[in-house]
Amino acid sequence: MLRKIGNENMTEGLSTISHKVSNSNPSLRTLCEEFLISRSHNSESTQKTYGRLIRNHIAPHYDSFNSVDAMTMSRLGHIIIMPILNKGMNSTASAAISLLIMIMNYATLAHEDVSFKNIRNLAKIVNMKKKDEYETPQRAMVNKNIGKNIQYIFRVFSARHPKNKQVNNLLLLSFYLCLRQSEILSIKVKDINFKRHNLHIAKTKTIKKAGFDIPMCPILEELLIEIIASCPGNPDDYIFTNRNKGKLHTSTLECYLIKTELRGFQTAHGIRAIFSTWASRNNKDSLTSECVLTHKTWNRVQELYNRDLSSYLYNKRKKLMKEWITYVHDLIKTKDN
């Protein structure tokens, strides 16, 4: 456990910090504690982030680093970073590396005879690990029969999370809309217009100015009605909310997929790849399917000549999305029966 640093001894700690570190062979515990004292000028949220990373991922390994000599790049990477990566927590691993670099740089100021420059090579370890095992944003179960794969995804997911209706609806809506998770989780109640049968996305990754309008079919509307019924329901509320009635994190669905047998085979972003592959195998218009994915694959001249491109082929998308949603819905219905 990290020792608690009170406001009353903060000034004293800062005044003696250089003396403490420079005249001893500190352990990793000492460096972490003194580093937190030196960062007292940071914002409260930043200090909490540092404290949480140290408490959850560095403090459990204090006994392995009782001296500066034990803090080599290979040992820090093998003992601290690799367990984080093995859990699929790539962003956490990167954050832990950044924190270790700051801690080692802080220690280097007091220990001029000790170089921690090699600690930066930990970033290479993470990148290699991600490339070899985890960096598969497009990975999707589309190698064989797409229909059977979709049924398998929903069967495994619902069996693992049977009581969590929200994440099951999030998975289904992700299949229906084929949008990025950040775009789906940004949808608010006011963005859904049942009279015009239209869903408005304020901003996508590639379309940032006028937004993106999505045509709704009865099956999609039925799901959205069910989702809205379980959220706070105010116009400015997100349709998917956390316990504090705020927006869910963009990695929510990814985290739930990792907890199932789908880990390593299906990602949240890979759902878009399933749709794209289905459209290609069924000879759908490639430009229309790219529009469904909010990919702007045309240039300014093409947009000037083809006036339908200004609305991102809305009518064609309406027909294609209805066919796709009906296809997925029938597969899920067959699975349930």
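Here the structure is a predicted model, which means the values were calculated and not measured. (Residues numbered from 1 in each chain as written. Predicted model: local features only at pLDDT ≥ 70, side-chain atom pairs only at ≥ 80, totals over all residues. Heavy atoms only, no water.)

**Q** Please explain the packing of helix H7 (residues 146–160) against helix H8 (residues 165–177) as it appears in this structure.
**A** How two helices pack is summed up by the angle between their axes together with the distance between the axes. Between H7 and H8, the shortest axis-to-axis distance is 10 Å and the interhelical angle comes to 165 degrees. Between H7 and H8, the angle is such that the two are roughly antiparallel. Read as a crossing pair, H7 and H8 show a hand that is right-handed. Along its contact with H7, which presents Ile150, Ile153, Phe154, Phe157 and Ser158, the element H8 presents Val167, Asn168, Leu171, Leu172 and Phe175. Tallied by class, the residues present in the contact of H7 with H8 amount to eight nonpolar, two polar and no charged. (Axes fitted to C-alpha atoms, helices over the stretch in contact; angles between N-to-C directions. Helix = DSSP H or I, 4+ residues; strand = E, 2+ residues; numbered from the N terminus. Parallel < 35°, antiparallel > 145°, perpendicular 65-115°, else oblique. Left-handed = near helix turned anticlockwise from the far one by under 90°. Contact = heavy atoms within 4.5 Å. Nonpolar A, V, L, I, M, F, W, Y, C, P; charged D, E, K, R; others polar.)

**Q** How do you make sense of the packing of aromatic side chains when you look at a structure like this?
**A** Geometry of an aromatic ring pair is reported as the spacing of the ring centres plus the angle between the planes. One pass over the full model with this rule turns up nine aromatic pairs. Relative to Tyr312, the ring of Phe212 lies with its centre 5.7 Å away and its plane at 65 degrees, an arrangement referred to as edge-to-face. Here Phe212, found in strand S3 (residues 212–215), pairs with Tyr312, found in the loop between helix H14 (300–305) and helix H15 (314–336); they are 100 residues apart in sequence, far enough to count as distant. Judged by relative accessible area, which is 15%, Tyr312 ranks as buried. Every member of this aromatic cluster is reached through a ring pair, and the members are Phe275, Trp278, Trp324 and Tyr327. Against the face of Tyr256 rests Lys259, its NZ or CZ located 5.0 Å from the ring centre. (Phe/Tyr/Trp six-rings, centres within 6.5 Å; stacked < 30°, edge-to-face > 60°. Buried < 20%, exposed > 50% of the residue type's maximum accessible area, 1.4 Å probe, protein only. Lys NZ or Arg CZ within 6 Å of the ring centre and 35° of its normal.)

**Q** Explain the sheet that holds strand S1 (residues 192–193) here, please?
**A** Backbone hydrogen bonds hold the strands of a sheet together, and the pairing may be parallel or antiparallel. The strand order S1-S2-S3 describes an open sheet built from three strands, whose pairing is antiparallel. A single partner strand is all that each edge strand has here, and the edge strands are S1 and S3. (Pairing = 2+ DSSP bridges.)

**Q** Would you take a moment to explain the nonpolar core for this structure?
**A** Generally speaking, soluble globular proteins have nonpolar side chains that are buried together. In terms of nonpolar packing, the biggest core is built from 61 residues, with Leu173, Phe175, Leu177, Ile239 and Trp324 touching the most fellow members. In terms of residues, this core owes the most to one element, H8, which gives eight residues. Setting aside residues no more than four positions away along its own chain, Ile239 makes contact with Leu173, Ile187, Lys188, Val189, Ile192, Leu224, Ile227, Ile228 and Cys231. Ranked by size, the runner-up nonpolar core spans 30 residues in total, among them Leu36, Ala70, Leu76 and Ala96. (Core = buried A, V, L, I, M, F, W, Y, C linked by side-chain atoms within 4.5 Å.)

**Q** When you look at helix H3 (residues 44–58) in this model, what are you seeing that I'm missing?
**A** Residues separated by three or four positions in an α-helix point in the same direction, a consequence of the helix having 3.6 residues per turn. Its 15 residues give H3 an end-to-end C-alpha distance of 20 Å, which sits within 8% of 21 Å, the value for a rise of 1.5 Å per residue. All of the buried residues in H3 are Tyr50, Gly51, Leu53, Ile54, His57 and Ile58. (Expected span 1.5 Å × (residues − 1).)

**Q** Looking at this structure, how should I read helix H10 (residues 218–229)?
**A** Compared with an ideal rise of 1.5 Å per residue, which puts 12 residues at 16 Å, H10 spans 16 Å between its outermost C-alpha atoms and is within 8% of the ideal. Among the residues of H10, Ile219, Leu220, Glu221, Leu223, Leu224, Ile227 and Ile228 are the ones counted as buried.

**Q** Just checking my understanding: could you explain the environment of Gln47 for this structure?
**A** Residue position: Gln47 is located in helix H3. Each residue touching Gln47, except ones within four places of it in the same chain, is listed here: Arg39, Ser40 and Asn42. A polar atom in the side chain of Gln47 sits 2.8 Å from the backbone oxygen of Asn42. (Polar contact = N/O pair within 3.5 Å; in protein donor to acceptor, adjacent residues only side chain to side chain.)

**Q** Hey, could you run me through the side chain of Gln181 in this one?
**A** Assignment of secondary structure puts Gln181 in helix H9 (residues 181–184). Among the residues examined, Gln181 registers a relative accessible area of 10% and is labelled buried. Apart from residues no more than four positions distant in its own chain, Gln181 is found in contact with Leu170, Ser174, Thr250, Leu253 and Ala268.

**Q** I keep staring at unusual backbone geometry and nothing clicks. Help me out?
**A** Apart from glycine, the bulk of residues carry a negative phi angle, and the bulk of peptide bonds sit in the trans form. A positive phi angle, close to 60 degrees, is found at Cys178, a residue other than glycine. Assignment of secondary structure puts Cys178 in the loop between H8 and H9.

**Q** Looking at this structure, how should I read the pattern of salt bridges?
**A** Oppositely charged side chains may form a pair once their charged atoms are brought near each other. Counted by the stated rule, this structure contains five salt bridges. Arg180 is the partner of Glu183 in a salt bridge, and the nearest nitrogen-oxygen pair spans 2.6 Å. Residue class for Glu183 comes out buried when judged on its relative accessible area of 2%. Here Lys190 and Asp236 are joined by a salt bridge, their closest N and O atoms 3.0 Å apart. (Salt bridge = Lys/Arg side-chain N within 4 Å of Asp/Glu carboxyl O.)

**Q** What's the story with the packing of H7 against helix H12 (residues 270–281) in this structure? I'm lost.
**A** As a packed pair, H7 and H12 sit with axes 11 Å apart at the nearest point and diverge in direction by 155 degrees. Classified by the angle their axes make, H7 and H12 are roughly antiparallel. Relative to H12, the crossing made by H7 is left-handed. Facing H7, whose interface residues are Ile146, Ile150 and Ile153, H12 presents Ile274, Thr277, Trp278 and Arg281. Tallied by class, the residues present in the contact of H7 with H12 amount to five nonpolar, one polar and one charged.

**Q** So what exactly am I meant to see when it comes to the side chain of Thr92 here?
**A** Structurally, Thr92 can be placed in helix H5 (residues 90–110). Sequence-distant contacts of Thr92, defined by excluding residues within four places in its chain, comprise Leu53, His57 and Ile84.

**Q** What is the right way to look at the pairing of strand S2 (residues 198–201) in this model?
**A** For a regular strand, side-chain orientation follows a simple rule: the groups alternate between the two sheet faces. Sheet topology note: the S1/S2 ladder contains two bridges and is antiparallel. When the sheet's bridge partners are listed, Ile192 is paired in S2 with Leu199. Hairpin connection between S1 and S2: a loop of four residues separates the two successive antiparallel strands, and His197 in this loop has a positive phi of roughly 55 degrees.

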